[in-house]
Amino acid sequence: MQLLGIYNCLSSYLVVAAFLFACGVYGLMSRRTVIGMLISAELILAAASLNFMAFSRFLAPDPTLGRLFTLFIMAIAAAEAAIAVSILIAVYRNYKSIESDDLTDLQG
Amino acid sequence: MQALTCNVATPTLFSAEGLVGLIFLLTILMVVGGALIAVQSKWLVRSVAGLALCFTGVAGLYYFLLSPFLAMMQMLIYVGAVSILIAFAIMMVTQAGSDTRHRRKVSALAGPIGISVAMLFFAGFTMLALATPWQQFPQEQEGSTRDLGIALLGPHVLIFELISIVLLMAIIGALVHAQRGRTRGTGA
């Protein structure tokens, strides 16, 4: 069973992270509400953190740096989610809609 | 398929390593299924549940990458805070139940283009990950939680303080933003 040993090699983690990133890109392009786009952005951030963790586990001389960077990404992502939700609620109060096609006040 | 054989011993199914490998495959299944539900589901509540599933799987992957502390932080911050925050946002914005109610012609192309771009990204990154001869260096430190704490308060203390200022500003900014929207809404 070759498949049972892949938890010990770098490329399996990289492939999973690439899949997460691709899912996030697809969601960002195809979702129509702002909340769906926020979820996709969280997926992209998770893919980036997973890459940092995999490289710091397998390749880096000092794995502390990659883990530190993942912690910082988590903090930034939490701040980003809070700000995005507050903006979203303000937008909903003004427009009564959260579909990104309706937010066209600045369109020329 | 040849590049994926990465010089590891292949355990049998009924040994300890085989069970660990089985759990790893289940974790990957959790990540992939959660991500697919999160981007594909028509209902936003289901998509948030898929996001939480995917983040739980990513925490399992962090555990496999030898850092249980990061796995715990992932569960606390992402599964416990961010997913719940998005779920609250969905509940507050009442009409957000379904994502594709009235589809317009402008964005009818967004699905196929998005799928092709995402496939392109996935294929490119996968080929890059499998074809690159990664060079391994000997690990000098083990990167334990103690090392993390020393690094946070030693050489990287400036970034740590900046992150806390960013978080404080995010909290105040979110409060001010929501408050302003409310007063305008009731005044009009």
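Look a little higher up for the structure.
Residues numbered from 1 in each chain as written. Chains lettered and ligands numbered in written order. Predicted model: local features only at pLDDT ≥ 70, side-chain atom pairs only at ≥ 80, totals over all residues. Heavy atoms only, no water.

Chemist: For the packing of helix α2 (residues 34–58) of chain A against helix α3 (residues 64–95) of chain A, give the residues involved together with the corresponding values.
Modeler: Residue and element names in this part refer to chain A. Following both chains from N to C, one finds α2 and α3 inclined at 175 degrees, their axes separated by 9 Å at the closest point. Considering their axes alone, α2 and α3 lie roughly antiparallel with respect to each other. Within the contact between the two elements, α2 uses V34, I35, L38, A41, E42, L45, S49, F52, M53 and S56 and α3 uses G66, R67, F69, T70, I73, A77, E80, A81, A84, V85 and L88. Along the lines of polarity and charge, the residues of the contact of α2 with α3 split into 14 nonpolar, four polar and three charged. (Axes fitted to C-alpha atoms, helices over the stretch in contact; angles between N-to-C directions. Helix = DSSP H or I, 4+ residues; strand = E, 2+ residues; numbered from the N terminus. Parallel < 35°, antiparallel > 145°, perpendicular 65-115°, else oblique. Contact = heavy atoms within 4.5 Å. Nonpolar A, V, L, I, M, F, W, Y, C, P; charged D, E, K, R; others polar.)

Chemist: Can you tell me about the packing of aromatic side chains, naming the residues and giving the values?
Modeler: In total, this model carries 12 aromatic pairs over all chains according to the counting rule given. Ring geometry for Y7(A) against F24(B): centres 6.4 Å apart, planes inclined by 55 degrees, an arrangement best described as tilted. Placement of the pair is Y7(A) in the segment before α1 (10–30) and F24(B) in helix α1 (residues 16–40), with the two residues belonging to separate chains. By relative accessible area, which is 15% here, Y7(A) ends up buried. Look at Y7(A) and F64(B): their rings are 5.9 Å apart centre to centre, the planes differ by 55 degrees, and that puts the pair in the tilted class. (Phe/Tyr/Trp six-rings, centres within 6.5 Å; stacked < 30°, edge-to-face > 60°. Buried < 20%, exposed > 50% of the residue type's maximum accessible area, 1.4 Å probe, protein only.)

Chemist: Pulling in residues and values, what's your account of α1(A)?
Modeler: Relative to the 30 Å expected for 21 residues at 1.5 Å per residue, α1(A) spans 31 Å between its end C-alpha atoms, a close match to the ideal helical length. By the criterion of burial, α1(A) is predominantly enclosed, with 18 of the 21 residues buried. (Expected span 1.5 Å × (residues − 1).)

Chemist: Can you lay out the interface of chain B and chain A for me, pointing to particular residues and giving the numbers?
Modeler: Contacts between chain B and chain A engage 102 residues on the former and 84 residues on the latter. Between chain B and chain A lies a buried interface of about 8100 Å² when both sides are counted; carbon and sulfur atoms form 74% of it. Run the count over chain B and chain A and you get zero salt bridges. At the surface where chain B touches chain A, the tally comes to three residue pairs in polar contact (both at pLDDT 80 or more). Secondary-structure elements contributing two or more residues to the side of chain B that touches chain A are α1, α2 (44–64), α3 (68–92), α4 (110–131), α5 (145–153) and α6 (157–187) of chain B. Ranked by residues supplied to the side of chain B that touches chain A, first place goes to α1(B) with 15 residues. (Buried area = accessible area lost by both parts, 1.4 Å probe. Salt bridge = Lys/Arg side-chain N within 4 Å of Asp/Glu carboxyl O. Polar contact = N/O pair within 3.5 Å; in protein donor to acceptor, adjacent residues only side chain to side chain.)

Chemist: Can you tell me about the nonpolar core, naming the residues and giving the values?
Modeler: Ranked by internal contacts, the top residues of the largest apolar core, which has 70 residues, are Y13(A), L20(A), I35(A), L43(A) and I86(B). When contributions to this core are tallied by element, the ones reaching two or more residues are α1, α2 and α3 of chain A together with α1, α2, α3, α4 and α5 of chain B. If one sorts the elements of this core by residue count, α3(A) sits on top with 11 residues. If sequence neighbours within four positions are ignored, I86(B) has contacts with I35(A), L38(A), I39(A), E42(A), V48(B) and L51(B). (Core = buried A, V, L, I, M, F, W, Y, C linked by side-chain atoms within 4.5 Å.)

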